[in-house]
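Take a look at the letters that make up each chain.
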Amino acid sequence: MSGTPDNPSTDAPSAVTRRTLLGRATVAGLLAVPSAGLLSACLGGGDDTQDQAEGTKSADNPLGVKEDAPLEVVIFNGGLGTKYATDVHIPSYKAKFPKAEVKFSQTEEIATQLQPRFSSNTPPDMVNNAGSKLMDMGALVQAGQASDLTDLFDAPSLDIAGQKVKDTLLPGAIEQGTFNGKPYVLNYAYTVYGLWYDGALFKSKGWAVPKTWAEFTALCDQIKAAGMTPFGYAGANAAYYQYLVILTSAAKIGGTDVLKNIDNLEAGAWTNDAVKKAAEAWAGIGAKYSDKAFLGQKHTEVQLQQNQGKVAFYPSGSWLENEQAKDTPSTFQYAVMPLPSVTGSDKLPSTAIFAAAGEMYFAASKGKNPRGAQEYLRHMLSKEGAKKFTELTKVMTVVKGATDGLTISPGFTSGAALATAAGANAFSYRWADWYKKLDDECRSATNELMFSGGTADKFCERMQKAADAVKNDSSIQKFKR
Amino acid sequence: MRRGRYPFIIGFLAAPVILYVTFVVLPYVEAFYVAMTDWRGLSPNYNFVGLDNFAGLLDNERFWKALRHHGVLLLVMPLVTILIALVFAFLLNVGGGSKQGQMAGIWGSGFYRVVFFFPQMLAIVVIGVIFGRVFAPIDSGLINGALNGLGLGPVLFMADPDLALWSIIAVLVWQGVGFYVVLFSAGMASIPRDIYEAALIDGAGKVTLFFRVTLPLLWDTIQVAWVYLGIAAFDAFAIVQVLAVADGGPDGATTVIGLEIYQQAFRESYFGKASALGVVLFFLTLTFAALTLRVTRREAVEL
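Residues numbered from 1 in each chain as written. Chains lettered and ligands numbered in written order. Predicted model: local features only at pLDDT ≥ 70, side-chain atom pairs only at ≥ 80, totals over all residues. Heavy atoms only, no water.

Under the annotation held in an unreviewed UniProt entry, chain B carries the name Sugar ABC transporter permease and is attributed to Virgisporangium aliadipatigenens. Under the heading Sequence similarities (unreviewed entry), UniProt records this for chain B: "Belongs to the binding-protein-dependent transport system permease family." Regarding chain B, the relevant UniProt record gives this comment under Subcellular location (unreviewed entry): "Cell membrane". (UniProt positions renumbered as here; feature names shortened; annotations may be inferred.)

On record in UniProt, under Subcellular location (unreviewed entry), the comment for chain A is "Cell envelope". Taken verbatim from the UniProt record of chain A, the Sequence similarities (unreviewed entry) comment is "Belongs to the bacterial solute-binding protein 1 family."

1. Re empty space enclosed by the protein
Using the criterion set out here, one finds six cavities of 30 Å³ or more in the structure. Reported here for the largest cavity is a volume of approximately 90 Å³. If you go around the largest cavity, the residues you meet are Asp440(A), Arg443(A), Ser444(A), Arg62(B), Ala246(B), Asp247(B), Asp251(B), Gly252(B) and Gln263(B). Considering each element in turn, the lining of the largest cavity owes the most residues, three residues, to helix H18 (residues 436-451) of chain A. In terms of residue class, the lining of the largest cavity is built from one nonpolar, three polar and five charged. (1 Å grid on protein atoms, 1.4 Å probe; cavity = no way out; pocket = protein on both sides within 12 Å on 5 of 7 lines; lining within 4 Å. Points joined across faces, edges and corners; volume = space filled by probe spheres on them. Helix = DSSP H or I, 4+ residues; strand = E, 2+ residues; numbered from the N terminus. Nonpolar A, V, L, I, M, F, W, Y, C, P; charged D, E, K, R; others polar.)

2. Looking at H18(A)
All names here are of chain A. Here H18 spans 23 Å end to end across 16 residues, near enough to the 22 Å set by a 1.5 Å rise per residue. Here H18 lies mainly inside the structure; 13 of its 16 residues are buried. Looking at the residues trailing H18, positive phi occurs at Gly 453, about 75°. (Expected span 1.5 Å × (residues − 1). Buried < 20%, exposed > 50% of the residue type's maximum accessible area, 1.4 Å probe, protein only.)

3. Focus on the domain arrangement of chain A
Residues and elements named next belong to chain A. Segmentation of chain A into domains returns domain 1 (71-191 + 357-419) and domain 2 (192-355 + 430-472). Distance between the C-alpha centres of domain 1 and domain 2: 29 Å. Taken residue by residue, the interface counts 21 residues in domain 1 and 20 residues in domain 2. Carbon and sulfur atoms supply 53% of the area buried between domain 1 and domain 2, which totals about 1500 Å² over both sides. Here domain 1 is connected to domain 2 by nine residue pairs in polar contact (both at pLDDT 80 or more). Elements that contribute at least two residues to the side of domain 1 that touches domain 2 include exactly strand E4 (178-179), strand E6 (186-198) and helix H16 (410-422). Residues belonging to the side of domain 1 that touches domain 2 are distributed by class as follows: nine nonpolar, nine polar and three charged. (Domains from an automatic or database assignment. Contact = heavy atoms within 4.5 Å. Buried area = accessible area lost by both parts, 1.4 Å probe. Polar contact = N/O pair within 3.5 Å; in protein donor to acceptor, adjacent residues only side chain to side chain.)

4. Here's the deal with the pairing of strand E8 (residues 311-317) of chain A
Consecutive side chains of a regular strand alternate in pointing toward one face of the sheet and then the other. Residues and elements named next belong to chain A. Among the seven residues of E8, seven are classified as buried, and the element is accordingly described as predominantly covered. Note: E6 against E8, four bridges, orientation antiparallel. The partner of Leu 195 across the bridge, within E8, is Pro 315. Bridge analysis of strand E7 (residues 229-231) against E8 gives two bridges, and the strand direction is parallel. Across the sheet, Thr 229 pairs through a bridge with Val 311, a residue of E8. (Pairing = 2+ DSSP bridges.)

5. What about the UniProt feature "transmembrane region" (unreviewed entry) in chain B?
Residue and element names in this part refer to chain B. UniProt tags residues 6-29, 72-91, 111-135, 165-186, 225-249 and 270-293 as "transmembrane region" (unreviewed entry). Structurally, residues 6-29 is divided into 100% helix and 0% strand, and its ends, taken at the C-alpha atoms, are 29 Å apart. Secondary structure over residues 270-293 splits into 96% helix and 0% strand, and the C-alpha atoms at its two ends are 35 Å apart.

6. Concerning the environment of Arg113(B)
Residue and element names in this part refer to chain B. Positionally, Arg 113 belongs in helix H4 (residues 109-121). Separated by 72 residues in sequence, Arg 113 and Ser 185 place their C-alpha atoms 9.4 Å apart. Residues within four places of Arg 113 in sequence aside, it is in contact with Leu 92, Asn 93 and Ser 185.

7. Observations concerning the side chain of Ser382(A)
Among the secondary structure elements, Ser382(A) is positioned in the loop between helix H14 (370-380) and helix H15 (383-393). Ser382(A) gets classed as buried once you look at its relative accessible area, which sits at 2%.

8. Concerning the layout of surface pockets
Each pocket or cavity is described by its volume, and for the second largest pocket that value is around 1400 Å³. Lining the second largest pocket are 49 residues, with Lys437(A), Asp473(A), Ser475(A), Ile476(A) and Lys273(B) positioned closest to its centre. Listing elements by their share of the lining of the second largest pocket, those giving two or more residues are helix H5 (137-142), H18 and helix H19 (456-472) of chain A together with helix H2 (52-58), helix H3 (61-93), helix H12 (257-267) and helix H13 (271-295) of chain B. Among the residues making up the lining of the second largest pocket, the classes are represented as 15 nonpolar, 17 polar and 17 charged. Two domains each provide a minimum of three residues to the lining of the second largest pocket, namely domain 1 (71-191 + 357-419) and domain 2 (192-355 + 430-472) of chain A.

9. Section: the environment of Thr393(A)
Residues and elements named next belong to chain A. Its location among the elements puts Thr 393 in helix H15. With 258 residues separating them in the primary sequence, Thr 393 and Met 135 have C-alpha atoms 23 Å apart. In this structure Thr 393 touches Leu 80, Tyr 84 and Asn 322, once residues within four positions along its chain are discounted.

10. Structural notes on helix H8 (residues 213-225) of chain A
An α-helical turn contains 3.6 residues, so any two residues separated by three or four positions project in the same direction. Residue and element names in this part refer to chain A. Between the first and last C-alpha of H8 there are 18 Å, a value that for 13 residues agrees with the 18 Å anticipated at 1.5 Å per step. Residues of H8 that are buried: Trp 213, Phe 216, Leu 219, Cys 220 and Ile 223. All buried residues of H8 project into a common sector of 120° when viewed along the axis, lining one side. Relative to its buried face, H8 has exposed residues pointing more than 90 degrees away, namely Ala 214 and Ala 225. (Arc of directions from axis to C-beta.)

11. Some points on the packing of aromatic side chains
As enumerated under the stated definition, the model contains 57 aromatic pairs over all chains in all. An aromatic cluster of at least three residues, connected via ring pairs, comprises Tyr193(A), Tyr240(A), Tyr241(A), Tyr243(A), Trp270(A), Tyr314(A), Trp319(A), Phe354(A), Phe427(A), Tyr429(A), Trp431(A) and Phe459(A). Between Arg430(A) and the ring centre of Phe179(A), over which it is positioned, the NZ or CZ distance is 5.3 Å. The ring of Tyr270(B) has Lys273(B) sitting right over it, with the charged end atom 4.4 Å from the ring centre. (Phe/Tyr/Trp six-rings, centres within 6.5 Å; stacked < 30°, edge-to-face > 60°. Lys NZ or Arg CZ within 6 Å of the ring centre and 35° of its normal.)

12. Observations regarding the pattern of salt bridges
According to the stated counting rule, one finds 27 salt bridges over all chains in the structure shown. Sharing partners across several salt bridges, the network here consists of Asp439(A), Asp440(A), Arg443(A) and Arg267(B). (Salt bridge = Lys/Arg side-chain N within 4 Å of Asp/Glu carboxyl O.)

13. Considering the packing of helix H9 (residues 239-254) of chain A against H18(A)
All names here are of chain A. Closest axis-to-axis distance for the H9/H18 pair is 9 Å, and the angle between their directions is 80°. Of the possible angle classes, the one that applies to H9 and H18 is roughly perpendicular. Across from Ala 239, Tyr 240, Gln 242, Tyr 243 and Ile 246 in H9, the residues of H18 making contact are Asp 439, Cys 442, Arg 443, Thr 446, Asn 447, Leu 449 and Met 450. Residue classes in the contact of H9 with H18 are distributed as seven nonpolar, three polar and two charged. (Axes fitted to C-alpha atoms, helices over the stretch in contact; angles between N-to-C directions. Parallel < 35°, antiparallel > 145°, perpendicular 65-115°, else oblique.)

14. A few points about the nonpolar core
Inside soluble globular proteins, nonpolar side chains tend to come together where they are buried. Counting residues in each nonpolar core, the largest one holds 153 residues, and the members touching the most others are Trp270(A), Trp282(A), Phe313(A), Tyr361(A), Trp431(A) and Phe459(A). No other element matches the ten residues that H9(A) contributes to this core. Mapped onto the domain boundaries, this core takes at least three residues apiece from domain 1 (71-191 + 357-419) and domain 2 (192-355 + 430-472) of chain A. Once residues within four sequence positions are removed from consideration, Tyr361(A) is found in contact with Ile75(A), Tyr84(A), Met126(A), Val127(A), Asn128(A), Val185(A), Leu186(A), Tyr188(A), Leu377(A), Met380(A) and Phe389(A). The next biggest cluster of nonpolar side chains, apart from the first, holds 55 residues, and it includes Leu86(B), Val171(B), Ile222(B) and Leu229(B). (Core = buried A, V, L, I, M, F, W, Y, C linked by side-chain atoms within 4.5 Å.)

Set out below in structure tokens:
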């Protein structure tokens, strides 16, 4: 979709007459209706579903997989690569069902590849729905395209004797994939969020990890005096790292119900006192300890500046170390700390963290082998499958204790320690995935709050107004937790 | 003879008509239909919702913002681009005065002609990435690096809501001018030399030449350029998608309808609503083209 008409080199300039130009202008006009017309070309496949393979259930085969039914697996090829599937999980499945043929494919654009297959009811069996072009999970569930995973979570674990799959997972892991009360998605990777810093630098400067807000601002003063920008996030495309931090503080101040109310679009959820206090505290950091120029920068640019020792604290998830591996100097050692307590009377301890299961895998309900797909997920959730996944990707999984004793990198160790210290005080929210409109609004409101003359009151009111608008819009699908 | 004529004509027409109907007309008709459903693109099932999607647009703030931006683009972008292109084309073709009875451009015009056309050779995405670096608020940004060096920066071109749309327009103008220089040059080349010579003999200066000879004789071409640029002003999707911060941000300050369609369809999976936006854009573009042709119709000078 170029902004100007075609390159005229196909005609000699002098041969361009008024008529050919007008003709072309009309064509350009038609092309200007962006692909909406083409999109619809995928509408209207048949309603008939495919025949589904079914075997007999037994103690050894709790999900009733047909042993020779082929299985089609599609993996998103992004930061995690695909090696964990081809080298770990698929061999594990094939070892159990040697007669089954596993068809593997990978793509960088899940929606582009798979949307037409879902809309014509001929989906692959197991899909890793991830990346910037992922399919809207709520819409998939609404369309009845994802299998109910209750059987999977009730089935015995593959290699942890005497336990059901659901007992082997970290708290919140199943809930993260639950839509209106039923689990439809396995969120496999476990991500902890906090403020990341260069552990080696902090050690050499004698900067201690702050636990209270007063300690935090005092340290920020010291950092500023040392010529570094104490805090930064990328306003151009990653403002959600920052609103995640604000809401984490809000949950620590007022308890996790603050987030639950926001998820459920309750009246006054955003104008809650805890949200207001958190917004106020962070607006203060933005005004005093950050730099307005971050507004126009992308996450990679800010992260690079942290690697170069120009920015001290950066809010992010535990994928950060991996993402920056290429640009991180050898002296830089990633470490993470929980957010300092904002008030002296916070409901949650200062070790509490935002942690969420992510990276979605689901069994297509209208695939040819939905039972095989669930069995595949069971292999992913085995202790062995999870451990090898972590070894290959440096990413923790939702399987409890699967990485005990693994030493992978300083950032990984620090993240794991953060999770251990938090224990049961780990929480998350769902609204940003459920309601993209609110996500967009919150990014803008956050940038306004931090850098463009916003106040905590304005932030809360703006978000409440947006949440109410979503609540009252009957064309938007709603969720509860 | 007469009997064989129709099969003959049909034989020629059938293939292009079928292609056109299948790949252009039918998708359009289907888009109109999808615009009246709640289809989410992930299953073959959908409900017919009548004009609800269009009614929803009325209180969609971002839709109105996008419309306003198209208004600004429509007023500013064609005007500035055409003005600059006209001046350049005039300088390149006639600006050097008469040499041995031939009108000539200023010195080095062959070189400039090529240089002006460079941006046209670049894909719009590449231009977006290049200007991302030009506008970057850090020291590695082309403009802000210099400004910071002088202690004047940084200017937040893309992050300041008051500046962002203008920065986008500047890029579009930069990218578009070259094509219209070529277009106008072609138009000027078809203006007979004797008219210029007669005007020169009568004592016309460069300014008079431009306004009394070049401009009237170029009117048709300018009109075409206007339609082209106007239609481009209804697009601008790619450059906004690549260059703007936060998906048409900050805070929707650079969003355009194309981007809203993209967001609705591919981010939120509301294909019905996206199609409704597409239908609106279709009529906007069509109305604009028809209006412009009507309004700018003017007695053409026959040569």
